[in-house]
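Coordinates in review
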Amino acid sequence: MSFLALTDPEIHTVLARELKREENTLELIASENFASLSVMEMAGGVMTNKYAEGYPGRRYYGGCDYVDEAENLARERLKLLFGVDYCNVQPHSGSQANMAVFMTFLEPGDTVLGLDLAHGGHLTHGSSVNFSGQLYNFISYHVSKSTGRVNFDDVQDLAQKHRPKLIVCGGSAYPRFIEFEQFREIADSVNSYLLADIAHPSGLIAAGLHPSPIPYCDIVTSTTHKTLRGPRGGIIMVGKDKENPWGRKAQKSGRIKMISELIDSTVMPGIQGGPLMHIIGAKAVAFGEALRPEFKTYSQNIINNAKAMVDEFLTLGYNLISGGTDTHLLLIDLTSKNIDGKTAENVLGKAGITVNKNMIPFDQRSPFITSGIRLGTPAVTTRGMGKDEMRMIVSWIDTALNNSDDDNILSRLKKDVNNLCSSFPVYGH
Ligand SMILES: *Cc1c(COP(=O)(O)O)cnc(C)c1O
């Protein structure tokens, strides 16, 4: 019985409608997933009540014994999962994790290289509407038009010319493995730090199915709610802790501090106050889940499903950026299908299929319209769907896009989608 239904029926109804939406539609947004009931139990639990500014064993508040244990568990499990020396599990989001890294390694106005947003990057990699682009001198590198993969000649040229203090690799709409080793070579050639933002593929990396950034990158950030399938949040990791000769605080204190020390103090008190202890507890739960062998099977299924979608789209004559995928996501160029990304998103929504419009490299349209859509398989794979369902879903997407004006066809598709969803419940009842 729901307590909320009794105490606040108004918002409970909204929550119930969201649950129904999640159960009855096909979630193909590449950054979304369904956290387990265990993760949600922790995220919805009493640790939301606790103030715990500081870190385990050195808090600014009393009563922190159990939240300390929760944060230590989260840290130990995360270190094991990625094989790192150090991590910070307090960032409220992926963006906060990136902010903490930038504020640790950079002074305002410093030069940074990041992947162009339209080429698969992220807002926090230097977009002019984001703090990153406003505080720092971000220079964008690009993918090559012919391969859809990062153009390393471009990266090398820009690095030589601009001498960045930091290079950021990773993005939100890059279907291929991130080329950590190649970025390292370029970073070394200009004596620059290297940040890997693995917000998207972190679950695949934890499962050993995507190359790891840890041996190559000075510092790594991620979200915890995408392929990692945890609660909404961010993390920061360092493979081998070392001295940070450029950090602002290091210069002021006169002593050269370790990167880990600097990151801890940038996160709190630098950019955050009290940590979300219920979420940190839920991160511990998710990292525990990701350490189990089933998570590797799950992650392999994510990739298998994405490749099954690729095959089907290619058979139907679609143009995929980079020609396919190594990961959980596909970026589709709809230019040859005479439909823009915004319209496609709306049409698919009417058929019960949730995707997001997305810029494609060298897009001629604005970010509000776009020429592409981005699809991902983490959420449908969590439901237990496999290759047969992927092929069926792609054929429905194709039918919807080819009949974008026909509401009868779209509502018939929606029924098919509902039926499929009811065979693969997310949470059951
Ligand atoms: C999702 C994402 C983020 C930001 O995560 P939020 O939790 O939404 O702030 C950062 N970087 C990349 C590459 C992402 O894909």
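Residues numbered from 1 in each chain as written. Predicted model: local features only at pLDDT ≥ 70, side-chain atom pairs only at ≥ 80, totals over all residues. Heavy atoms only, no water.

1. A closer look at the pattern of salt bridges
Here is the rule: Salt bridge criterion: a side-chain nitrogen from Lys or Arg within 4 Å of a carboxyl oxygen from Asp or Glu. Numbering of helices and strands runs from the N terminus; a helix is a DSSP stretch of H or I covering at least four residues, while a strand is a stretch of E covering at least two. Residue burial is assigned from relative accessible area. The probe radius is 1.4 Å, only protein chains are included, and a residue is buried under 20% of its type maximum, exposed over 50%, and partly exposed in between.
Under the counting rule described, the total for this entry stands at 16 salt bridges. Among the salt bridges present, the one from Arg383 reaches Glu23, with a minimum N-O distance of 3.9 Å. Here Glu23 lies in helix 2 (residues 9-24) and Arg383 lies in the loop between helix 15 (378-382) and helix 16 (387-402), a separation of 360 residues in the sequence. Relative accessible area serves as the criterion here: at 11%, Glu23 is assigned to the buried category. The salt bridge involving Asp264 is made with Arg58; its shortest N-O contact spans 3.7 Å. Pair noted here: Asp264 is in helix 11 (residues 259-271) and Arg58 is in strand 3 (residues 58-59), with a separation of 206 residues, a long-range link. Looking at Asp264, the relative accessible area reads 12%, which means it is buried.

2. Regarding the pairing of strand 12 (residues 329-333)
Formally: In this description, strands pair whenever DSSP reports at least two bridges between them.
The buried count for strand 12 comes to five of five residues, which makes it a mostly enclosed element. Pairing of strand 11 (residues 319-320) with strand 12 involves two bridges; the strand directions are antiparallel. In the sheet register, Asn319 faces strand 12, and the bridge partner there is Asp333. As judged from the five bridges shared by strand 12 and strand 15 (residues 372-376), these two strands associate in the antiparallel manner. Bridge pairing in strand 15 links Asp333 to Gly372.

3. Some words on the environment of Phe295
Stated formally: Should any heavy atoms of two residues lie within 4.5 Å, those residues are considered in contact.
For Phe295, the location among the structural elements is in helix 13 (residues 293-315). According to the relative accessible area criterion, Phe295 is buried, its value standing at 3%. For the pair formed by Phe295 and Leu228, sequence separation is 67 residues and the distance between their alpha carbons is 9.3 Å. Contact partners of Phe295, with chain neighbours within four places excluded, come to Gly203, Ala207, Thr227, Leu228, Arg229, Glu289 and Ala290.

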